[in-house]
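Now for the letters of each chain:
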There are 2 protein chains.
Amino acid sequence: MYYNEKNLWQIEQKGFDERFLGKSEAIMALGNGYFGSRSSEEEAYIGEKRDTFVAGTFNSFDENEVTELPNLLDMWGMEFLINDQRFSLTQGLVSNYSKRLNLKNGELCREFIWELKDIKLKFKFQKFISKNRQHLLVSHLELANLTDRAVSIKMRSGINGQISNEGSQHFTDGEKGLTEGKFIQMMPMTTGSKIQFVQTVEHKFDIEVSERPETGRRAFFMNYNFELAADCSVTIEKRGSIYTSIDNDLASHDLNEIRKQAVHELQNIEKLTYQELLTESQLAWQKIWEKHPIKIDSENFRDQLAIRFAKYHLHAMAPAHDERMNIGAKGLSGEGYKGHTFWDTEVFMLPYFNFTHPDIAKKLVTYRYLGLDGAHKKAKSNGYEGAQYPWEAANPFDGEVTPVWGAADIVTGQSTKIWSGFIEQHITSDVAFGIKQYIDVTGDEAFEVEKAYEILIDTAKFWVSRLDYIQETDSYEIRDVIGPDEYKEHGNNNAYTNYTAHWNVVFAIDLIQKLKSQKPDIYDKLDQKFNLNLLTEILSAKVDKIFLPKATADGIIPQDDTYLSKKILDLQKYRNSDGVDSLFHDYNLEQVNQMQITKQADVLLLMLLFEGLFDKEQKLKNFNYYEPKTTHDSSLSLSTHAILSADLGKLEQSYDFFNKAINIDMGEYMKSSDAGIHAASLGGIWQMIVFGYGGLRMVESQLRIEPHLPKEWKALEYGFDYHGKAIHVELTKDKMTLSKENDGHEISFMNKGQKYVLKNQLTIKM
Amino acid sequence: MYYNEKNLWQIEQKGFDERFLGKSEAIMALGNGYFGSRSSEEEAYIGEKRDTFVAGTFNSFDENEVTELPNLLDMWGMEFLINDQRFSLTQGLVSNYSKRLNLKNGELCREFIWELKDIKLKFKFQKFISKNRQHLLVSHLELANLTDRAVSIKMRSGINGQISNEGSQHFTDGEKGLTEGKFIQMMPMTTGSKIQFVQTVEHKFDIEVSERPETGRRAFFMNYNFELAADCSVTIEKRGSIYTSIDNDLASHDLNEIRKQAVHELQNIEKLTYQELLTESQLAWQKIWEKHPIKIDSENFRDQLAIRFAKYHLHAMAPAHDERMNIGAKGLSGEGYKGHTFWDTEVFMLPYFNFTHPDIAKKLVTYRYLGLDGAHKKAKSNGYEGAQYPWEAANPFDGEVTPVWGAADIVTGQSTKIWSGFIEQHITSDVAFGIKQYIDVTGDEAFEVEKAYEILIDTAKFWVSRLDYIQETDSYEIRDVIGPDEYKEHGNNNAYTNYTAHWNVVFAIDLIQKLKSQKPDIYDKLDQKFNLNLLTEILSAKVDKIFLPKATADGIIPQDDTYLSKKILDLQKYRNSDGVDSLFHDYNLEQVNQMQITKQADVLLLMLLFEGLFDKEQKLKNFNYYEPKTTHDSSLSLSTHAILSADLGKLEQSYDFFNKAINIDMGEYMKSSDAGIHAASLGGIWQMIVFGYGGLRMVESQLRIEPHLPKEWKALEYGFDYHGKAIHVELTKDKMTLSKENDGHEISFMNKGQKYVLKNQLTIKM
């Protein structure tokens, strides 16, 4: 990957290497939140993964496979025969190769000169998914003949449905048609969830070409033939659109009406050029970029690039248009994790949206409200009460969708059981925590009253039903769970789980009391649902007996009951293995389970999210204890460590984590993004900058701003929304200046234990 | 394609061209009748079609797709990284390339030298599907380092289920496992028909290699790493087996038992080398080759090669092991026609098996007996009685499986209806005709009594129920059909259909009378099924009123009621278009329907199969009339014309047809075999030689041998079985010598209207 100090809006690949197609496909993925595509090349390659997903259109291949985002019929592909030779960069001579994504407007450009025998052509492909017309994709090719001889060109392009999710086909081979001789339409339907898709494509040429339609099984192509004279060029455009029967912007969901609308849309923009359509889309992106831009004055220009990279992808993947869907762990950029939503949303990505795009954040938290039914279903099926959120979520009504069986154990030949869907239960307090953060940051009272209270009480109800009573100690434990550190399965009293569950219950009790005394109307409504007196009794009876792992004599909070008694392994060898999971070349999961090896921040994440529970010394001790035992094998680990170490004044180490974290996708390791970009890590990038170095935090409903710039940074500017007010922060090493519109409102925040009030502008010396 | 006069057992491709992968994949396909594979390259290419099918394992993707042979998980593939460069013939320098199929033993060999940067390797791949162990496939690679430097080699190989039938996935992602650390097993199941598959693979190396198993979705691979020292070579073997829960050679169909058996089989042959396993398989092939070998002394060596090519493929695709399945129109060599069986079997391929492998022929006709239920179902659903055979057949019990909707009309955008399944009804008399030929040639009385009579009566019963009574003429017509010429849809009184239906009814009446008087026991049994008195009454009442199209004043039998009144188009331009369907670039099917254009032998096929109905002059007139109007767009057309023109003494023209017919697959046109080899055409090759030039024919239960050698042939030797006796025929231009074992039996045959009796040896001057 190539990054250029002179263009901090661009990520680029300077040479073509078919071994590493997945890297640019994923990290240059296109999307507008409604749909997204990997940036596969137009021409086909062995090893490519040609994915397009529409958010929320889940389907299961069969009863043994969990639901996933189906990979749509491909609309980007183009095949070329040049003088009857197949055009492919694996053949001939390729020069001046550049594939680059413009983060500012989401345009992908790929250009190069290709020579084969007496052919010499210059290709310039450009394409984007429109940010303002959510169904639209546009692809543009300028092809120039650099020789003094004409070449004959055959191009085959259309819609190809002979693809799948790694072999699992989610679509029927639906109707196909050609409208007005040029609009190719295919109408596949998901096999189980019966979501009807309408995919439409048209081609435009600036020269005369002969054309012949060709239909096949799951495919409809146009074959174009033309000659490209010496020193001449041709411009080819392919425009397409995707609609589905669950779209919330359609007047009618009748298939024929959708088909008509799809054609009309392309007809309506017939007169607009590629550039005009791109400009339109760029204006939509511009609104995002103008909202709280982050400016980093760093020795390392990639720091500035990284936050743009993160924000671009967060907006390419976040379904800002529809609350019935959420962000997948790989966004819309790959089949990894099947498009499912994890705690990644609440703990890693939601903070960005809370503080900068509360409208989108609202959609994301509303999704959890819609998920209450599924959470009830899950609780019930496990013998619990209340709302137990699914570890992996798809359609919010579905409940748990974590696969039950994973890959076969390569030794025993038996499939390994995936326990997360059963016992990785902290997701429920993570959701509650996220909801609370959303309310605190946005001050969205309507949501608070209508949705948040219910979630916060229902999750607490789950937790008290979940507790294991231990007679000997007259206490409630939480046994047999997986905490954030997934290398420890079936642990008892995982600190993160117990503390966050306890918080969830305490919060619900307080909330109920407060509502009873202050907002009787709301209380009454909730009472009808929950029988609050009885529930309060139960919550109160148990809350103080919830076992909260206490620090050892050395000040270490035990990750779980047995962690600290396990063998310690020197991880030095594995921690610098650059993404290669070599730990598992030496040990299997069972063995790792028996050692003090942590996959990702666990106790430390607890200390970051609930900072008030622990003092700085405790945090420091635990940081020093756990971090060296952590492999950071999860992309969720580094940002937590970067922020916590910044809080602890370990800025050098923090910045090291920061660099590793931005390299999760932007780095040189060419295989780790194959299954898709790491969505949580993108949220982590924003958090490291704004929470970590910018010092912004929402702690116990109180805003706190306590920056720590790393030595490589001279200055940082960022902004955020707080209760509907926009606040701008300018930081240098020695002062912090906050400003907001002078609208009569005041905003209070904490800094180093002191309370400040911001009316319009305020500078604090540091 | 390259054919070598010095090796008439070999078809060869001398250069690699990734544009034409389909050609060698299909015409060099491997198979043993139980399963078959296209000969795809081990390494992957864009445009490849990697197919493996097990005969009879039909499945439908969904209710809108018809049943088809599912494309199995691939077991042949191997990926190589050589010094971290992906091995592909699209890159680097390839020399001495040869890919060749040895028809004698079914071994495919592919060798070449590959150079890339400082790598220079010699690859020699060999593989075969065992003819004696029906579940086994073996692949062998000798890889030599031709440089004085070591190269590092990474090989990834195993079982890959991330493939499909053009996007339609037929398998669940079943259990996977590794037994004894080396036998990879995958257990997919068809989604609808619930056929359980067990696919097993192991690898063997003659040097030390490091290995790492890797499981994925629908895939299980082993990763091997090794160094290949300067001037050294390595031998790698991959052995695999395929079992299914419908196999008829299994002691137990329990999944675990099948898994064990699959492993045991590979363990049992552990000590046998590749060469030994190949020799075993070759011996099984040898038995086929020894059975009535054909020897052609021709000016053109390809004539000899062609018959071996045809016989090889007929035996690679014919399910000799199981009567519940039949031969698909593309055998096991491609997804074309979905593995379905057509009249191609009875009219084009069955004669070969009748005369040379009556044991296999018996399986093929028994399949039609098993198909009676399906044929009843079809008749009933169409409002008819008796047995109406399906135009396309899969599982015999299923009845009709012709797709109802074809590709979208590229102009209207509507799907075009495929009428063959409804109105291409001559299949029913074709089946009856095939059954009759089988009995006449083999003298298989058990089959005749137990199965054939029922079919012959049941089909006649269908026909009389199918007739349309026409009041004005007091006659029965057969309206609204498609005849063999599929360019004429919805015709009335297609001559082929009416005449063969009439024959079917006449034959049944005669049969019933004969049984009544001569075999009362058998009559009684059939009477219980059919109520023969009543049925005979119905048959007899109608048979003489069946309208049989009469010759015009010019002696032309009208192909149907309106054909002769249609416009005539000069087809010269299209008939030499070398497989390119350019007729349809100028006209659509509707327009072609309105002209005297015939896709394939129709009236002429009738004249060939029922030669006694027409005199030579009539045949000549009709040949001269219809042939110029025939595009020969079906691969079923040329062989009929070759034989008929030989009968008519047009030997030069006949030999021209012969050459075109053998070129259907063996010729230079590189795309026409992509969907698979043309099974009927293979039977046609045998028929042209033995029926056409060898003059063998079974006409009205009487053997006839009346040879006509083309001028390019000096001599021809062939053999056949007749009623269990093997007869050998040696032909030159001036004499014919027949010989058989001197076993006391006599065989009578006709030659030029004269009856001869063969006891031991007989020579006839010509």
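Calculation notes
Position numbers for residues start from 1 in each chain and track the written sequence from start to end. The order in which chains are written sets their letters, starting at A; the order in which ligands are written sets their numbers, starting at 1. Only residues with pLDDT of at least 70 get local features here, since the model is predicted, and only at 80 or more are side-chain atom pairs given and counted; chain-wide, interface and lining totals rely on the full set of residues. Processing note: side-chain calculations cover all non-hydrogen atoms of the structure and skip hydrogens and water entirely. Every helix listed is a DSSP run of H or I at least four residues long, and every strand listed is a run of E at least two residues long, numbered separately from the N terminus. The reference for a compact globule is 2.2 Å times residues^0.38; the radius of gyration itself is calculated from the C-alpha atoms. When a residue's accessible area, from a 1.4 Å probe over protein chains only, is under 20% of the maximum for its type it is buried; when over 50% it is exposed; and in between it is partly exposed. Here, two residues are considered to be in contact whenever any of their heavy atoms come within 4.5 Å of each other. Here the open area of atoms and residues is found with the Shrake-Rupley method and a 1.4 Å probe, where only the protein chains shown may cover a residue. Positive charges are assigned to Lys and Arg, negative charges to Asp and Glu, while His and the chain termini are left out of the count. Charge positions come from single atoms, namely NZ of Lys, CZ of Arg, CG of Asp or CD of Glu. Here a polar contact is recorded for every N or O atom pair within 3.5 Å, except that within protein the pair must consist of a potential hydrogen donor and a potential acceptor, and residues adjacent in sequence are included only if both atoms are side-chain atoms. Salt bridges are defined as contacts in which a side-chain nitrogen from Lys or Arg sits within 4 Å of a carboxyl oxygen from Asp or Glu. Between any two strands, pairing holds if DSSP finds at least two bridges. In this analysis an axis means a line fitted to C-alpha atoms, helices contributing only their contacting stretch, and an angle means the value between N-to-C directions, from 0 to 180 degrees. What sets the superposition is a least-squares fit of C-alpha atoms, and only residues with pLDDT of at least 70 in both copies go into it. A helix is expected to reach a length of 1.5 Å times the quantity of its residues less one. Buried area adds together the accessible area that both of two parts lose upon being put together, with accessible area traced by a 1.4 Å probe. Each residue is assigned to one class: nonpolar for Ala, Val, Leu, Ile, Met, Phe, Trp, Tyr, Cys and Pro, charged for Asp, Glu, Lys and Arg, and polar for all the others, Gly among them. Here, patches come from residues exposed beyond 30% relative accessible area and free of salt bridges, joined within 9 Å for like charges and within 5 Å for nonpolar side chains (Val, Leu, Ile, Met, Phe, Trp, Tyr). What sets the label is the angle itself: under 35 degrees gives roughly parallel, over 145 gives roughly antiparallel, 65 to 115 gives roughly perpendicular, and the rest give oblique. Each pair of aromatic rings taken from Phe, Tyr and Trp, with Trp reduced to its six-membered ring, is defined by centres within 6.5 Å and is described as stacked if the planes are under 30 degrees apart, edge-to-face if over 60, and tilted in the remaining cases. Consider the ring centre and the ring normal. A charge sits over the ring if Lys NZ or Arg CZ is within 6 Å of that centre and within 35 degrees of that normal. Read the arc as the range of directions from the helix axis to the C-beta atoms. Should the near helix be turned counterclockwise from the far one by less than a right angle, the crossing is left-handed, whereas a clockwise turn marks it as right-handed.

Engineer: Any details on the overall build of chain A? Residues and values, ideally.
Structural biologist: Scanning chain A for helices and strands turns up 21 helices and 31 strands. On C-alpha atoms alone, chain A measures out to a radius of gyration of 27 Å, which is about the 27 Å that the 2.2 N^0.38 rule sets for 766 residues. Expressed as a percentage of the 766 residues in chain A, the buried residues total 62%. Expressed as a percentage of contacts within chain A between residues at least 6 apart in sequence, the contacts between residues at least 24 apart total 66%. Total accessible area computed for chain A in this model is approximately 27,700 Å², and 48% of it derives from carbon and sulfur atoms. Of the charged side chains in chain A, 88 are positive and 112 negative, and the gap between their average positions amounts to 2 Å.

Engineer: Can you lay out the side chain of Gln304 of chain A for me, pointing to particular residues and giving the numbers?
Structural biologist: Turning to its location among the elements, Gln304 of chain A is positioned in helix α4 (residues 302–317). Among the polar contacts made by the side chain of Gln304 of chain A, one reaches the main-chain carbonyl oxygen of Ile294 of chain A at a distance of 2.9 Å.

Engineer: Quick rundown of the pattern of salt bridges? Include the residues and the values.
Structural biologist: Think of it this way: side chains of opposite charge can pair up when their charged atoms draw near. Residue and element names in this part refer to chain B. For the structure on display, the rule yields 108 salt bridges over all chains. When the shortest N-O distance is used, the salt bridge between Asp322 and Arg324 registers 2.5 Å. With relative accessibility at 3%, the residue Asp322 sits in the buried group. Exposure remark for Arg324: the relative accessible area of 31% places this residue in the partly exposed category.

Engineer: Explain the sheet that holds strand β31 (residues 761–765) of chain A residue by residue, including any values.
Structural biologist: All names here are of chain A. The strand order across the open sheet built from 5 strands is β19-β26-β27-β28-β31, with neighbouring strands paired in antiparallel fashion. Looking along the sheet, the strands with just one partner apiece sit at the ends: β19 (295–298) and β31. Across the sheet, the mean angle from the axis of one strand to that of its neighbour is 15°, orientation sign disregarded. By the bridge criterion, 5 bridges tie strand β28 (residues 735–740) to β31 in an arrangement that is antiparallel. Along β31, the bridge assignment pairs Met736 with Ile764. Packing of α4 onto the sheet brings it into contact with β19 and β26 (713–722), and relative to β19 it is tilted by some 155°.

Engineer: With reference to specific residues and values, describe the relation of the copies chain A and chain B.
Structural biologist: Overlaying chain A on chain B yields an RMSD of 0.0 Å, the required transformation being a rotation through 180° with an accompanying axial translation of 0.0 Å. Put plainly, the chains are arranged around a two-fold axis.

Engineer: Which residues make up helix α13 (residues 532–543) of chain B, and what values go with them?
Structural biologist: The end-to-end C-alpha distance of α13 of chain B is 15 Å, a good match for the 16 Å that 12 residues give at a rise of 1.5 Å each. Packed against the buried residues of α13 of chain B are α10 (445–466), β23 (475–477), α11 (495–518) and α12 (520–530) of chain B.

Engineer: Describe the interface of chain A and chain B, listing the residues and the values that go with them.
Structural biologist: Frequently, the measure chosen for interface size is the accessible area that the parts lose on association. Listed by partner, the interface residues are 41 residues for chain A and 41 residues for chain B. Regarding the contact of chain A and chain B, the summed buried area is about 3,500 Å², with carbon and sulfur atoms giving 48% of it. For the pair chain A and chain B, the interface holds 8 salt bridges. For Glu68 of chain B, the salt bridge is made with Arg217 of chain A, and the minimal N-O distance between the two is 2.5 Å. Counting the contacts that link chain A with chain B gives 18 residue pairs in polar contact (both at pLDDT 80 or more). Residues belonging to the side of chain A that touches chain B are distributed by class as follows: 12 nonpolar, 15 polar and 14 charged.

Engineer: Would you mind going over the environment of Glu68 of chain A in detail, with residue names and values included?
Structural biologist: When you line up the elements, Glu68 of chain A lands in the loop between β5 (52–54) and β6 (78–82). Put simply, Glu68 of chain A and Ile129 of chain A are 61 residues apart on the chain and 22 Å apart in space, counted from C-alpha to C-alpha. If near-sequence neighbours (up to four positions away) are discounted, Glu68 of chain A is found in contact with Thr57, Phe58, Asn59, Asn165, Ser168, His170, Lys338 and His340 of chain A together with Arg217 of chain B. Within the local environment of Glu68 of chain A, its side chain forms a polar contact with the side chain of His170 of chain A, the two groups lying 2.6 Å apart.

Engineer: Run through a nonpolar patch on the surface, naming residues and quoting values.
Structural biologist: All names here are of chain A. On the surface, Val404, Trp405 and Phe422 cluster together into a nonpolar patch covering about 280 Å² of accessible area. Tracing the chain through its elements places Trp405 in strand β20 (residues 405–408). Judged by its relative accessible area of 53%, Trp405 is exposed.

Engineer: Now, about the sheet that holds strand β4 (residues 35–37) of chain A: what can you tell me, with residues and values included?
Structural biologist: Residues and elements named next belong to chain A. Reading across from one edge, β3-β4-β5 is the order of the 3 strands in this open sheet, with antiparallel pairing throughout. Edge positions in the sheet fall to β3 (30–31) and β5, since each of these pairs with one other strand and no more. Here β4 pairs with β5 via 3 bridges, running antiparallel. Along β5, the bridge assignment pairs Phe35 with Val54.

Engineer: Can you explain the packing of helix α4 (residues 301–317) of chain B against helix α5 (residues 344–356) of chain B? Please cite residues and give values.
Structural biologist: Residue and element names in this part refer to chain B. Look at α4 against α5: their axes get within 12 Å of each other, and the N-to-C directions meet at 95°. One finds that α4 runs roughly perpendicular with respect to α5. For the pair formed by α4 and α5, the contact residues are Lys311, Leu314 and His315 on the first element and Met349, Tyr352 and Phe353 on the second. Of the residues assigned to the contact of α4 with α5, the class counts are 4 nonpolar, 1 polar and 1 charged.

Engineer: Quick rundown of the environment of Glu111 of chain A? Include the residues and the values.
Structural biologist: All names here are of chain A. Of note, Glu111 is situated in strand β9 (residues 107–116). Residues Glu111 and Ser95 lie 16 residues apart in sequence; the distance between their C-alpha atoms is 9.3 Å. If we ignore the near neighbours within four places in the chain, the residues touching Glu111 are Asn96, Tyr97, Ser98, Arg100, Lys122, Phe123 and Lys124.

Engineer: Explain the side chain of Glu712 of chain A to me, using residue names and the numbers behind them.
Structural biologist: Considering the arrangement of structural elements, one finds Glu712 of chain A in the loop between β25 (702–705) and β26. On the basis of relative accessible area, Glu712 of chain A is assigned to the buried category, the value being 13%.

Engineer: Go over the packing of aromatic side chains, please, and point to the residues and values.
Structural biologist: Enumeration according to the criterion identifies 104 aromatic pairs over all chains in this entry. Ring geometry for Trp343 of chain A versus Phe348 of chain A: centroids 5.5 Å apart, planes at 90°, classification edge-to-face. Across the pair, Phe348 of chain A and Trp343 of chain A agree in class, each one buried. Ring pairs connect the aromatic residues Phe16, Tyr45, Phe80, Phe87, Tyr97, Phe112, Trp114, Phe123 and Phe125 of chain A, which therefore count as one cluster. Seen from the ring of Phe61 of chain A, Arg218 of chain B lies directly overhead, with NZ or CZ sitting 4.7 Å from the centre.

Engineer: Provide a residue-level description of the pairing of strand β16 (residues 210–216) of chain B, including the pertinent values.
Structural biologist: Residues and elements named next belong to chain B. Here β16 pairs with strand β17 (residues 219–228) via 7 bridges, running antiparallel. Along β17, the bridge assignment pairs Gly216 with Ala219. Counting the residues that bridge the hairpin from β16 to β17 gives 2 residues, and of these Arg218 lies at a positive phi of roughly 55°.

Engineer: Any details on helix α18 (residues 616–626) of chain A? Residues and values, ideally.
Structural biologist: Residue and element names in this part refer to chain A. Residues of α18 that are buried include every one of Lys619, Asn622, Phe623, Tyr625 and Tyr626, and no others. The buried side chains of α18 occupy one side of the element, clustering within an arc of 165° when seen end-on. Check the buried side of α18 and you find it contacts α17 (603–609), α19 (637–647) and α20 (651–666).

Engineer: Tell me about unusual backbone geometry, and please be specific about residues and values.
Structural biologist: Although it is not a glycine, Glu166 of chain A adopts a positive phi angle of roughly 45°. Tracing the backbone shows Glu166 of chain A in the loop between β12 (151–160) and β13 (175–179).

Engineer: Go over the pairing of strand β30 (residues 754–758) of chain A, please, and point to the residues and values.
Structural biologist: The sheet contact formed by strand β29 (residues 747–751) of chain A and β30 of chain A spans 5 bridges and is antiparallel. Residue pairing in the sheet places Phe749 of chain A in a bridge with Tyr756 of chain A of β30 of chain A.

Engineer: So what's going on with the environment of Ala715 of chain A? Which residues, and what values?
Structural biologist: All names here are of chain A. Its place among the elements puts Ala715 in strand β26. Each C-alpha atom of the pair Ala715 and Glu730 lies 7.5 Å from the other, and the pair is 15 residues apart in sequence. Sequence-distant contacts of Ala715, that is, excluding residues within four places in its chain, are made with Lys295, Ile296, Asp297, Leu709, Leu731 and Thr732.

Engineer: Give me the lowdown on the packing of α19 of chain A against α20 of chain A, citing residues and values where you can.
Structural biologist: Residues and elements named next belong to chain A. At their nearest, the axes of α19 and α20 sit 8 Å apart, and the two run at 160° to each other. Relative to α20, the element α19 lies roughly antiparallel. α19 and α20 meet at a crossing whose hand is left-handed. Here α19 contributes Leu638, Ser639, His641, Ala642, Ser645 and Ala646 to the contact with α20, which in turn contributes Leu651, Gln653, Ser654, Phe657, Phe658, Lys660, Ala661 and Ile664. Classifying every residue of the contact of α19 with α20 by side-chain character gives 8 nonpolar, 5 polar and 1 charged.

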